[in-house]
Amino acid sequence: MIINCRCGKYQFDVKKSDIGTSGREVQCGICNEKWVHGGSVSSSNVKKITNLTQKYRTPLTHKIIIFFIYVTAIIGFLDLIKYKLITAAPIFQDYYIAKEKIILEIIAILQQ
Ligand SMILES: [Zn+2]
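All chains use their own residue numbering, which begins from 1 and follows the written sequence. Reporting in this predicted model follows two pLDDT cut-offs: at least 70 for local features of residues, and 80 or more for side-chain atom pairs to be given and counted; totals over whole chains, interfaces and linings ignore these cut-offs and use all residues.

**Points about the overall build of the protein**
Consideration 1: Per the convention used, a helix needs a DSSP run of H or I reaching at least four residues, while a strand needs a run of E reaching at least two, with both numbered from the N terminus. Of regular secondary structure, the protein possesses four helices and five strands.
Consideration 2: Helices and strands appear in the protein in the N-to-C order β-β-α-β-β-β-α-α-α.
Consideration 3: Taken across its 112 residues, the protein has 5% of its residues classed as buried. In this scheme every C-beta is placed from the backbone, and a residue whose C-beta has 20 or more other C-beta atoms within 10 Å is buried, one with 12 or fewer is exposed, and one in between is partly exposed.

In structure tokens:
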């Protein structure tokens, strides 16, 4: 399971069994913030502190998908403002010509 530090900056990948059903006091291994995670807030249920140091990282596949979403959004936005952009800065014409060439290249490769 993924738990978020109270500081909001760090996420940790923790075994569900380490937290248990009654909750556990945990401590961020980076900013040292302590809090009770899961279960009831009653302090009698709180087990010993687990120092969270195993930082959760976004999987590479997610990063690649996010990257393509950004690239697609930027290309779509540039297409949307194509004529305004070329009027304001004619140098952008080179970008659109290059983009068309790349698309035609990709189509040619796919048709082989
Ligand atoms: Zn923290």
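**Quick notes on unusual backbone geometry**
Consideration 1: Phi is positive for Asn32, which is not a glycine, with a value near 70 degrees.
Consideration 2: Its location among the elements puts Asn32 in the loop between strand E3 (24-28) and strand E4 (34-37).
Consideration 3: For Asn32, a count of 10 C-beta atoms within 10 Å gives the class exposed.

**Some points on the pairing of E3**
Consideration 1: When DSSP finds at least two bridges between two strands, those strands are taken to pair. One ladder, built from four bridges, connects E3 with E4; its direction is antiparallel. For Gln27, the partnering residue across the bridge sits in E4 and is Lys34.
Consideration 2: Connecting the antiparallel pair E3 and E4 is a turn made up of five residues, with Asn32 showing a positive phi of about 70 degrees.

**Looking at the confidence of the model for the protein**
Consideration 1: Looking at the protein, pLDDT values average 85 and 88% of them are 70 or higher.
Consideration 2: For the protein, strand E5 (residues 47-52) is the element with the lowest average pLDDT, namely 62, and helix H4 (residues 92-111) is the one with the highest, namely 95. For every residue, the predictor assigns a confidence score, pLDDT, that lies between 0 and 100.

**Re the nonpolar core**
Consideration 1: We define the nonpolar core as any set of buried residues of the types Ala, Val, Leu, Ile, Met, Phe, Trp, Tyr and Cys, connected via C-beta atoms lying within 7 Å of each other. With five residues, the main nonpolar core is built from Cys5, Phe12, Val26, Cys28 and Leu52.
Consideration 2: Throughout, a residue-residue contact means that the two C-beta atoms, derived from backbone geometry, are no farther apart than 7 Å. Every residue in contact with Cys28, bar those within four places of it in the chain, is listed here: Cys5, Cys7, Tyr10, Glu33 and Leu52.

**Regarding H4**
Consideration 1: Take the residue count of a helix, subtract one, and multiply by 1.5 Å to get its expected span. The terminal C-alpha atoms of H4 lie 29 Å apart, and with 20 residues this matches the ideal 28 Å at 1.5 Å per residue to within 8%.
Consideration 2: Within H4, only zero of the 20 residues are buried, which leaves the element largely exposed.

**Re helix H2 (residues 60-80)**
Consideration 1: Between the first and last C-alpha of H2 there are 30 Å, a value that for 21 residues agrees with the 30 Å anticipated at 1.5 Å per step.
Consideration 2: With zero of its 21 residues buried, H2 lies for the most part at the surface.

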